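Structural features, examined
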Amino acid sequence: MNLKVDLRAAKIPYLGLIAVHYWFVIHEKSYSERWEIWQSKDLVMSSWGHLHQNLMTITQGVGNGDSWRETQWQGKEAEILTKIIRESSSQYPYNYVYRYYPGPNSNTYTQWILDEANIPYGLEKRGLGKNYLKYAHFLVNLKNKVRF
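An account of the accompanying structure is given in this report. All values derive from a computational prediction rather than experimental measurement.

In this section: the overall build of the protein chain. Scanning the protein chain for helices and strands turns up three helices and six strands. Across the protein chain, helices and strands are ordered from the amino to the carboxyl terminus as β-β-β-β-β-β-α-α-α. Taken over C-alpha atoms, the radius of gyration comes to 15 Å for the protein chain, in line with the 15 Å a tight globule of 148 residues would show. Taking the principal axes of its C-alpha atoms as reference, the protein chain extends roughly 55 × 35 × 30 Å. The buried share of the protein chain, reckoned over its 148 residues, is 45%.

So this is what it looks like as structure tokens:
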């Protein structure tokens, strides 16, 4: 099987110096599919709330120039990522919630996929929202320990 998974990024309009948008592209045989969280819900037939498959072409930026490939996985890692990405329509806990900052947003989704696949790839600091899951977990634990 000639399976590959790309992690792509593009600068966010007006905030490109401080913020990027991440998404995944699965390449399988002669077919490619783009998976991402977007600020608007249910925009294409293959949408699950804010999660979209093929909302845009695989390399299309998000309004502030071209996109770029951050990295690519093949082999076993690509197989694991593909399974998790394709199941994320029913497994990702924030498909129907979106906040620009602190998240959950596109970068929260990307980090969640990498965490689920146990792939230690570090999203860059402009990936605002990538740490949302860590902070959300911390805040829930703090709320449970401190009673007002």
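For helix H2 (residues 106-116), a buried count of nine out of 11 residues is recorded, marking the element as mostly surrounded by other parts of the structure. Those residues of H2 lying buried are Ser 106, Asn 107, Thr 108, Tyr 109, Thr 110, Gln 111, Trp 112, Ile 113 and Leu 114. Regarding H2, its N-cap is Asn 105, as a side-chain oxygen of that residue lies 2.9 Å from the backbone nitrogen of Asn 107 further along. In the stretch just after H2, Asn 118 is the one whose phi turns positive, near 60°.

With that out of the way, let us pick up the pattern of salt bridges. Overall, the coordinates contain six salt bridges when judged by the stated rule. For the salt bridge of Glu 33 with Arg 86, the shortest nitrogen-to-oxygen distance reads 3.0 Å. On the criterion of sequence distance, the pair formed by Glu 33 in strand E3 (residues 31-37) and Arg 86 in helix H1 (residues 75-91) is long-range, its members being 53 residues apart. Given a relative accessible area of 4%, Glu 33 falls into the buried group. Given a relative accessible area of 33%, Arg 86 falls into the partly exposed group. Close ionic contact of Arg 126 with Glu 124 constitutes a salt bridge, the shortest N to O distance being 2.6 Å. By relative accessible area, which is 19% here, Arg 126 ends up buried. Taking relative accessible area as the criterion, Glu 124 reaches 24% and is therefore assigned partly exposed.

On to a nonpolar patch on the surface, then. A surface patch of nonpolar side chains, amounting to about 950 Å² of accessible area, comprises Tyr 14, Leu 15, Leu 17, Ile 18, Tyr 100, Tyr 101 and Leu 128. With respect to the helices and strands, the residue Leu 17 is situated in the loop between strand E1 (3-11) and strand E2 (20-28).

Before going further, it helps to spend a moment on H1. Residues separated by three or four positions in an α-helix point in the same direction, a consequence of the helix having 3.6 residues per turn. The terminal C-alpha atoms of H1 lie 23 Å apart, and with 17 residues this matches the ideal 24 Å at 1.5 Å per residue to within 8%. In this structure, the buried residues of H1 make contact with E1, E2, E3, strand E5 (51-53), strand E6 (68-74) and H2.

Okay, the packing of aromatic side chains next. In this structure the tally under the stated criterion is eight aromatic pairs. Taken together, a centroid distance of 5.3 Å and an interplanar angle of 90° make the contact between Tyr 98 and Tyr 100 edge-to-face. Among the aromatic residues, those joined into a cluster by ring pairs are Phe 24, Tyr 92, Tyr 94, Tyr 109, Trp 112 and Tyr 132. Looking at Arg 34, its charged tip hangs above the ring of Trp 23, at a distance of 3.7 Å from the centre.

Each value, and the rule that gives it
- Throughout, a residue's number is its position along its own chain's written sequence, starting from 1.
- For this predicted model, a pLDDT threshold of at least 70 governs which residues receive local features, and a threshold of 80 or more governs which side-chain atom pairs are given and counted, while totals over whole chains, interfaces and linings are taken from all residues.
- For the side-chain quantities, the full set of heavy atoms in the structure was used; hydrogens and water were omitted.
- The numbering of helices and of strands both runs from the N terminus, where a helix is a DSSP run of H or I of at least 4 residues and a strand a run of E of at least 2.
- Each radius of gyration reported is based on C-alpha atoms, and the globular scaling rule is 2.2 Å times the count of residues to the power 0.38.
- Burial status follows relative accessibility: with a 1.4 Å probe on protein chains alone, a residue under 20% of its type maximum counts as buried, one over 50% as exposed, and anything between as partly exposed.
- Definition of a polar contact: a pair of N or O atoms within 3.5 Å, with one able to donate and the other able to accept a hydrogen when the atoms are protein atoms, and with sequence-neighbouring residues admitted only if both atoms are side-chain atoms.
- The salt bridge definition used is simple: a Lys or Arg side-chain nitrogen within 4 Å of an Asp or Glu carboxyl oxygen.
- Each patch is built from salt-bridge-free residues with over 30% relative accessible area, joining like charges within 9 Å and nonpolar side chains (Val, Leu, Ile, Met, Phe, Trp, Tyr) within 5 Å.
- Throughout, the Shrake-Rupley method with a 1.4 Å probe supplies accessible areas, and for residues the shown protein chains are the sole cover considered.
- Under the convention used throughout, the expected extent of a helix is 1.5 Å for every residue step, that is, one less than its residue count.
- Contact between two residues is taken to exist if any of their heavy atoms lie within 4.5 Å; hydrogens are not considered.
- Here a pair means two rings of Phe, Tyr or Trp (six-membered ring of Trp) with centres within 6.5 Å. Their orientation is stacked below 30 degrees between planes, edge-to-face above 60, and tilted elsewhere.
- Working rule: Lys NZ or Arg CZ, within 6 Å of ring centre, within 35 degrees of ring normal, means a charge sits over the ring.

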